[in-house]
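Residue strings, one per chain:
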Amino acid sequence: MQTINATDQQKLCRYLLSDLDSCKLGILICLYMGLRLGEICALKWEDIDFQRKTIHINRTVQRIQVGQEDKKTILYEGPPKTLCSVREIPIPEFLFPLLLSCKDDGVYVLNKFSPMEPRTYQYKFYSYLDKAYIKKVSLSRTAPYICDKLHQ
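Residues numbered from 1 in each chain as written. Predicted model: local features only at pLDDT ≥ 70, side-chain atom pairs only at ≥ 80, totals over all residues. Heavy atoms only, no water.

Undergrad: Go over unusual backbone geometry with me, naming the residues and quoting the values.
TA: Here K53, not a glycine, exhibits a phi torsion of approximately 55°, which is positive. Among the structural elements, K53 can be located in the loop between β1 (48-49) and β2 (54-57). We note that Y133 has phi near 60°; this positive angle belongs to a residue other than glycine. With respect to the element layout, Y133 can be found in the segment after α5 (118-131). (Helix = DSSP H or I, 4+ residues; strand = E, 2+ residues; numbered from the N terminus.)

Undergrad: I'd like a description of the pattern of salt bridges, backed by residues and values.
TA: For the structure on display, the rule yields eleven salt bridges. Its salt-bridge partner being E39, residue R36 comes within 2.8 Å of it at the nearest N-O pair. Here D104 ties to K112 by a salt bridge, and the two come within 3.9 Å at their closest N and O atoms. Owing to a relative accessible area of 27%, D104 belongs among the partly exposed residues under this scheme. (Salt bridge = Lys/Arg side-chain N within 4 Å of Asp/Glu carboxyl O. Buried < 20%, exposed > 50% of the residue type's maximum accessible area, 1.4 Å probe, protein only.)

Shown next as structure tokens:
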């Protein structure tokens, strides 16, 4: 699977901004701030410092197997895999008012009271690509792209 190119990313951003909600905002955060799929799915409103205009990445979510025989899985929320993944990222100027407009009384940014299932969010991303007429790329392969005043 290829990474998204600049032209398709601009098309996608236009689509996402046309009727913004928290899930579309999450894709914009990934595109412009480099968050990984598990990081955006675990992002809480408390991780966003609205005064300093930064986002703290200190957790991720993933589906893991519990037990060897029953193949049962759970959604596990925990620290990122490496210490280097724990970081503070400045929020781009144009994203800041969008974050403020989507902020609600929930705990998580994407899914009010529980972390978003990464596979569900990946499928949601694919549906956005379809609606924006963009070929399928993985959310984890969307390289951060510098905004060219698309938001204005």
